[in-house]
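Residues per chain are reported as follows:
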Amino acid sequence: MSTLLEIKSSVLRQVQVCPSFRRRTEEEPASGSADPPEPTAGAWKPGDGVEFFAQMRLILKKGEGRQGLPCPEVLLRSSSPAPAEPVDPSRGLRTLSQEEVDMLYEEALYTVLHRAGTMGPDQVDDEEALLSYLQQVFGTGPEEHAAAVERVKKAKAPTYALKVSVMRAKNLLAKDPNGFSDPYCMLGILPASGAVREPSPHKEQRFSFRKGSKRGGPLPAKCIQVTEVKSSTLNPVWKEHFLFEIEDVGTDQLHLDIWDHDDDVSLVEACRKLNEVIGLKGVSRYFKQIVKSARANGTAGPTEDHTDDFLGCLNIPVREVPVAGEDRWFKLEPRSSASRVQGDCQLILKLITTQRDTNMSQRGRSGFLSYLLLLNRLLQFEHRAEEPNSSSWRGELSGPAATVLCLHGAQSNLSALQLAVLHWQVSSRHHQTRTLDYGYLLGLLEDLQAHWEEAGSLPQEQEEGLADSFSAFSEFGLQLLRQLRDYFPATNSTAVYRLELLLKCLGKLQLFQPSFEICPFETELNMDIAAALKRGNREWFDKLLNTQSPREQPGPQRLAGLIKLADTIYEDLQSCYGIYASLFHSIIKVDFFTLTFRQLERLVAEEAWVLTEELSPKMTLEVALGLFELYLTLADIQRFWSSIPGRDSRSLALAGIHAPFLPAVKLWLQVLRDQTKWRLQGAVDVDTLEPMDASSKHSSSAATASLCFSHIQELWACLAWPDPAQAQTLGTQLSQDLCEAALFYTELLRKKVDAQPGAAGEAVSEPLCVVLNDVELLRKAAGQALRGLAWPEGAAGLEGTLPRPLLSCTQALDEDLQREARTVTAHLTSKMVGDVRKYVQHVSLSPDSIQNDEAVAPLLKYLDEKLALLNASLVKENLHRVLEALWELLLQAILQALGANRDVSADFYGRFHFTLEALVNFFHAEGQGLPLESLRDGSYKRLEEELRLHQCSTRECIEQYYLDKLKQRSMEHNRFGRLSVRCHYEAAEQRLAVEVLHAADLLPLDANGLSDPFVIVELGPPHLFPLVRSQRTQVKSRTLHPVYDELFYFSVPAEACRRRGACVLFTVMDHDWLSTNDFAGEAALGLGSVGGVARPQVGGSARASQPVTLHLRRPRAQVRSALRMLEGRPNKEAQEFVKRLRELEKYMEADP
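The sections below set out a description of the structure shown in this document. Source: prediction; values computed, not measured.

Brief notes about the packing of helix α4 (residues 98-113) against helix α11 (residues 399-411)
Here is step 1 of the chain: Taken N-terminus to C-terminus, the directions of α4 and α11 make an angle of 85 degrees; their axes are 9 Å apart at the nearest point. Put simply, α4 runs roughly perpendicular to α11. Contacts from E107, T111 and V112 of α4 reach α11 at V404, L407, H408 and Q411.
Here is step 2 of the chain: Class assignment of the residues belonging to the contact of α4 with α11 gives a composition of three nonpolar, three polar and one charged.

Regarding the pairing of strand β5 (residues 253-260)
Two faces belong to every sheet, and in a regular strand the side chains alternate between them.
Here is step 1 of the chain: The buried fraction of β5 is high, at eight of eight residues.
Here is step 2 of the chain: Burial along β5 is two-sided: the residues Q253, H255, D257 and W259 and L254, L256, I258 and D260 are all buried.
Here is step 3 of the chain: Where strand β2 (residues 183-190) and β5 come together, eight bridges link them in antiparallel fashion. Bridging across to β5, L187 finds its partner in L256.
Here is step 4 of the chain: Across eight bridges, β5 lies against strand β6 (residues 309-317) in antiparallel orientation. Looking at β6, one finds that W259 is bridged to F310.

Overview of the sheet that holds strand β9 (residues 978-986)
In a beta sheet, neighbouring strands are held together by backbone hydrogen bonds and run either parallel or antiparallel to one another.
Here is step 1 of the chain: Strand order across the open sheet formed by four strands is β13-β10-β9-β16, with antiparallel pairing between neighbours. Each edge of the open sheet is held by one strand with a lone partner, namely β13 (1043-1051) and β16 (1108-1111). Each strand axis lies, on average, 30 degrees off the axis of its neighbour in the sheet, ignoring direction.
Here is step 2 of the chain: Strand direction decides the pairing type here: β9 and strand β10 (residues 991-1000), joined by nine bridges, are antiparallel. Its bridge partner lying in β10, V981 is registered against V996.

What about the nonpolar core?
Here is step 1 of the chain: Within the largest apolar cluster, 226 residues are counted, with the highest numbers of intra-cluster contacts made by W424, L448, L481, F584, L634, W887 and F923.
Here is step 2 of the chain: In terms of residue count, the dominant contributor to this core is helix α18 (residues 555-588) (16 residues).
Here is step 3 of the chain: The next biggest cluster of nonpolar side chains, apart from the first, holds 36 residues, and it includes L979, V1068, L1085 and L1110.

Some words on the packing of aromatic side chains
Here is step 1 of the chain: One pass over the full model with this rule turns up 23 aromatic pairs.
Here is step 2 of the chain: Centroid distance F922 to F923: 5.7 Å. Interplanar angle 70 degrees. Geometry classified as edge-to-face.
Here is step 3 of the chain: Residue F923 is classed as buried on the basis of its relative accessible area of 0%.
Here is step 4 of the chain: Stacked on the ring of W540, the Lys or Arg R485 has its end atom at 4.3 Å from the ring centre.
Here is step 5 of the chain: In this structure, K677 is placed above the aromatic ring of F744, and the distance from its NZ or CZ to the ring centre is 5.7 Å.

Looking at the pattern of salt bridges
Where charged atoms of side chains with opposite charge meet at close range, the side chains can pair.
Here is step 1 of the chain: Throughout the structure, instances matching the rule amount to 33 salt bridges.
Here is step 2 of the chain: For the salt bridge of K230 with E228, the shortest nitrogen-to-oxygen distance reads 3.9 Å.
Here is step 3 of the chain: The exposure class assigned to K230 is partly exposed, which follows from its relative accessible area of 23%.
Here is step 4 of the chain: A salt bridge links R779 to E776; the shortest N-O distance between them is 2.8 Å. Of this pair, R779 and E776 both sit in helix α24 (residues 766-787), three residues apart, which is roughly one turn of that helix. Here R779 matches E776 in class, with each residue buried.
Here is step 5 of the chain: Through salt bridges that share partners, E776, R779, D814 and R881 make up one connected network.

A word on the environment of Q411
Here is step 1 of the chain: Mapping Q411 onto the fold places it in helix α11.
Here is step 2 of the chain: Separated by 55 residues in sequence, Q411 and R356 have C-alpha atoms that sit 9.3 Å apart.
Here is step 3 of the chain: In this structure, Q411 is in contact with T111, H114, R115, I352, T353 and R356, ignoring residues within four places of it in sequence.

Things to note about the side chain of R356
Here is step 1 of the chain: For R356, the location among the structural elements is in the loop between β8 (344-355) and α9 (359-362).
Here is step 2 of the chain: In this structure R356 comes out as buried when scored by relative accessible area, which is 7%.
Here is step 3 of the chain: At a separation of 3.1 Å, a polar atom in the side chain of R356 contacts the side chain of E107.
Here is step 4 of the chain: Within the structure, R356 has its side chain in polar contact with the side chain of T111 (distance 3.0 Å).
Here is step 5 of the chain: Here R356 is in contact with E107, Y110, T111, P158, S361, H408 and Q411, once residues within four sequence places are set aside.

Brief notes about the environment of A148
Here is step 1 of the chain: Looking at the element boundaries, A148 is found in helix α6 (residues 142-154).
Here is step 2 of the chain: Considering only alpha carbons, one finds A148 and L109, 39 residues apart in sequence, at a separation of 8.1 Å.
Here is step 3 of the chain: Among all residues touching A148, those that are not within four sequence positions of it are Y105 and L109.

Things to note about the sheet that holds strand β12 (residues 1031-1032)
Here is step 1 of the chain: Spatial strand order, β12-β11-β14-β15: four strands in an open sheet with antiparallel pairing. Each end of this open sheet is capped by a strand with a single partner; those strands are β12 and β15 (1078-1086).
Here is step 2 of the chain: By the bridge criterion, eight bridges tie strand β14 (residues 1063-1070) to β15 in an arrangement that is antiparallel. In the strand pairing of β15, V1068 is matched with G1081.
Here is step 3 of the chain: In this fold helix α32 (residues 954-968) packs onto β11 (1013-1020), β14 and β15, with an angle of close to 95 degrees to the strand it touches most, β15.

Section: the packing of helix α2 (residues 49-64) against helix α22 (residues 700-719)
Here is step 1 of the chain: Axis separation between α2 and α22 bottoms out at 10 Å; the angle between their running directions is 45 degrees. With respect to their mutual orientation, α2 and α22 come out oblique. Relative to α22, α2 is oriented so that their crossing is left-handed. Along the contact surface, α2 presents F53, M56, R57, I59 and L60, while α22 presents C708, H711, I712, E714, L715 and C718.
Here is step 2 of the chain: Looking at the contact of α2 with α22 residue by residue, the classes come out as eight nonpolar, one polar and two charged.

Quick notes on the rules
- Residues numbered from 1 in each chain as written.
- Predicted model: local features only at pLDDT ≥ 70, side-chain atom pairs only at ≥ 80, totals over all residues.
- Heavy atoms only, no water.
- Axes fitted to C-alpha atoms, helices over the stretch in contact; angles between N-to-C directions.
- Helix = DSSP H or I, 4+ residues; strand = E, 2+ residues; numbered from the N terminus.
- Parallel < 35°, antiparallel > 145°, perpendicular 65-115°, else oblique.
- Contact = heavy atoms within 4.5 Å.
- Nonpolar A, V, L, I, M, F, W, Y, C, P; charged D, E, K, R; others polar.
- Buried < 20%, exposed > 50% of the residue type's maximum accessible area, 1.4 Å probe, protein only.
- Pairing = 2+ DSSP bridges.
- Core = buried A, V, L, I, M, F, W, Y, C linked by side-chain atoms within 4.5 Å.
- Phe/Tyr/Trp six-rings, centres within 6.5 Å; stacked < 30°, edge-to-face > 60°.
- Lys NZ or Arg CZ within 6 Å of the ring centre and 35° of its normal.
- Salt bridge = Lys/Arg side-chain N within 4 Å of Asp/Glu carboxyl O.
- Polar contact = N/O pair within 3.5 Å; in protein donor to acceptor, adjacent residues only side chain to side chain.
- Left-handed = near helix turned anticlockwise from the far one by under 90°.

Below, the structure written as C-alpha cells:
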C-alpha cells in the first residue's frame, strides 16, 4: 500500500480533546465593552441596555441566596461579642441604709473572727487576709476598720453545735447465727480524754439573751443518742439526724459506736432512760458502765455470752470537721487490738452556730437574710473588677469572697437548697443590673433544681422570695425576646448561643411552676413567650415600615422602601427558620417560625395590596420595574413557605397577590425586549471580532449575548408565574422576544463582518471563524434559555416536556441559527474553492508516469495546513460543519473534473478512485474526524458510481441503467399514480405474456384536469432483446383511472429473461392530438421475478397469475448518471441507446 494512504490528519485527531464551548457566566467580557459599576436602585434609565442589565443582575444576585432552605452554617457569619443587653439598676436588690451596711459589716467580721472547723485547700485560712478583703468590700478606712474589728472581738463568742446525720453503713460483721446483724448506732460528744464532760463549777456561763439566767433542770440535749435498730442486715440505712452542743471546738470529739442488738434488755433500752437522769454526774457514771461493758465484750472469748455485740466505732475531733461540712464514708475502728471489726459508716457533719452576738441576730434578722445581703455585696464588688462592658462573667468569686460566704453559710445553718436559692436570687437580680453569662445562671438553676428535688420545700417567706425572683427574671427575659433581633442577631454566633442559654433558663423556670404553692406565673410561661414574640414582631415591623416606607410618602417613593422592607422580611424569615426556630421548639416548645411567618407575611401582604391599588393607574416604566422587583421578593416568600415539608401556600395572605402585578410584569417584559436589543447592539458595536482570550474562541459580543439570555432565563425562573393561562401568555411572548433578539444579533454580526476589509489571498478568515463560533455559542445559549422558559400547563401538561408553543419556537430558532451557521460556513469555505479546484486539477493533469500518492500529495498537504488553522480558530461543532462543507466542495470539484474529461483511459479514473479513498481516510482521521457514514453518503455515492461506471463497458452501463430503474421502485412515495399488470412466461411457446390491467390516480396533464393515457410496453436492455419491438395499449380518453385489460406477447428465450438487468418497462403517456405526447410516469418490473422464468410453470396461464401493482416514477439522478456516462461513449451501441432515450425525454416534464 502506498505510504500516502497512511496519511492521517494530525489536526483532525486532536478535535476530540479541544474545548468546544466555554461559557462565561461570572462576568461580562472586558474586551472593550466592560460595563460600568453597578448602578444604584434609582439609576436605571429606559433605553440604556447596560444599566438595565446591571439592575437585572442586582435582582438576580438577590435571588441567588434564596434557593432552598437556609442552613445555620451560612447564616452565622460573625463570632464578635453579642450586643449589650439593657440593664436597669432599679431591678436589683434594694439599696441598704448606712446602718444596715454597718450591721452587715459587723456580721461579716464576726463570721471571720469566730470561724471554726478545718479550711479546705481552696479556702483562705489567713484571718488578716480575710479581714483586709472585707475592708475593701465595705470601703472602710483603716481606723474605722480596726475599731470595728475590736468591737467584734469583745462580743460574746457564738454557741457552736454539731449537726450529725447518720446515713448508712456497709459491710458490717455478721454477729447472728443467720449470717446477719441487727445494727444500731450510739453517738455522743466526748472530751479529748475519752470521758463524758462533767460540768465545772468555775465554767463560764454561755451567752443568753436573758441576762443572769442560770442553767438547771433536765439536760436540754441528749449527750448520748441512739438510732433505730435495723434488723437482719449488714448494710443498714438510717438517715437519722442529731444536733450536739459543742463546749470546746478545739478539744471535743464525736464518738460513735455501732452495736448488734441481741435481747430486750440492752444498751438501747438503757439509753432511752437518760431522760430520767438528772445532772451530768449521773450521766458520767452510766456511760462509764457502758464503756466498761463494751471493753469486756472486746476481750471476751468467742463462747462468752454478752448482751450486745460490738461492731465498730468512730472518733472524730470536732475541729477536723470542714468549714463547709462534709458528707463522707468513715472506716470503722476497733475498741482495742483484740476487737475484730469491718465496714464503713456514712456521716454528714456540719459545724454551725446557734447563738450569735451581732446586731443583726439581736434584731431578729435570720441567717438567710444576712447571707443574701452579704452575697449581693460581694457579688457587686467582685463584678466591678471585671471588664466594664463584659457580659461573659460567670460569677467566679475570689478566694476570700468564697471563704467568707462558706463560713457564713455554715455558721447560719443554711441548707444546700437555701444556698442554691440565695445564689439564684442574688445573681438573677444582679444580672438585670449588670449582665452575667447565661451559662452561669443556667448552672444555678440546675443546682437549684437538683436540691429542690431532694428537699422539696422551703419556708413560705423564702419560697415567696424565690417566686418573686422567677417572676422578675421571666419578665426581664420576655423583654429581651420582644427585641430578639436587636439583642440576639441571627448572624452573630455568640449572641445566638446566649439566646439558647436564656431559653434554657426560661425552660427551667417552667419546670418549677407546678412545684410552688404560690405560683409565680399567672399563665403558662410558653404562652407568655409566644405573646412577647408576637408583640416584638409587630413592633419590629412597624419600626421598619415607618423608617423605610412611611404611609405619608407618595406611592413611587413608598415602593422603593417597600422593596427593601420585603427583602428584610425575607432575610428575617430565613434567620427564623435556620437559627431561631429549632431553639424555640426544642427548648420551650414554641413554634416560633410559624408564628413569625404568618404574622409578617400577613403584614407585608396588606402593604403590598394597598400600594399596588394606588400605583396601578399611574403605571410608568420606573414603577413597573419596582413592582416587578417587589413581586419577585413576595413570590420568594411564598416559595419559602411551600418548600418546607407539610406547608401549603394556598392559605397564605399572599395567595393571589400576583393578580395586581400582572400589568407591571407585562410592561416590564416589553422593556426587557427593547433593552435586550440595545444591549446586543452596543456589544456588537465595540466588538473587534477577535477571540476574547487564549482560552476562548468567541468574541466579546457573544459572551454578552449569552449572559443576557441566561439572565432572562433566571428571571423567568424567579418569576414563576402561578396562573397557568397567564404564564403561557407571558412565556410565549418572552420566548418570541428572545428568538427575535437572537436573530437580530446574527444580523448585526453579518453586517459587522461584511464591513470588515478582507486580507488579500487569505483562505481562512479569522473574523469569519469568530462569527461562526459566536453563532454556535448563541445557538446553545438561546436554546438553553428557551428550554428554561417552560411554564406550568396544568393537568394536561406532561412532566418533563416543553409546552407546544415553546417547543415550536425553540425548534424554529435552532433551524434558523443552524441555517445561519451553514451560511457562514459556506462563506468561509468559498474562499477555498479556487485552491481546491486547482489541486484537484493537478491530480487530473498529472501524467500516468507518476504514482498516485505523488499526484494526491499537494492536495492533502494543502488541506492539512488549512485544517490546522481552522482547528485553532473553530470550536468542535463548527469545525465539523466546515469539514462537511469542505468534503462536499471536494466531491463537487472531482465530479466537475470528471465531467471535463471525456474519452480518457481507465487509469485516469483509477487515480481519482485512489484520490477519493485517500480523502476518506484523511477526513475520517481514525475516528477523530467525520464519521464514515456521512463521508460515504450523498455526493460520494454519485461520484463513486460515476467512477465505477467509467470503468464499465457500454453494455454494462446500459444494464446498470435498467438496474437503477428497478432499484428506484421502492425509494419514492406514490406521486404519479399506480399501474396494475400481470406477467407470465410461457415456456412451451417461448414467449413472455404481459397483461396491462388498469391504472389509477394518474397525473392530470390536460387543461380539463384529466388525461388521455396509454401505456408503452417494452423489454430491456436492448442488447438482450434485439429483435423485440415495443407495444402499446389503446388510448383511454378523459380519465385518470383507465382500464385496459390488454394482453401482449413477446417472443423471447427464457435465458435472456434471466440475465442481469432484464426487465419490462412500462411508460405511461398522455396522448395529445395537436402536440407531442406528455410523459406521465414509468415503472419497471424485473423479469427474474416473473412466474415461469426461473422454473417452468405447471398448468395455468398468464391470466391465472396474481396481478402486480407498480408505482409510477420519474427517472432519478442515478438513472440519468448512467445515461450521461453513455453519452460520452463514442461507440455506435451507446449512441443509439442514448438517442432512443433522448426521444423519450422530450416528452418528460420536470418533476412537479
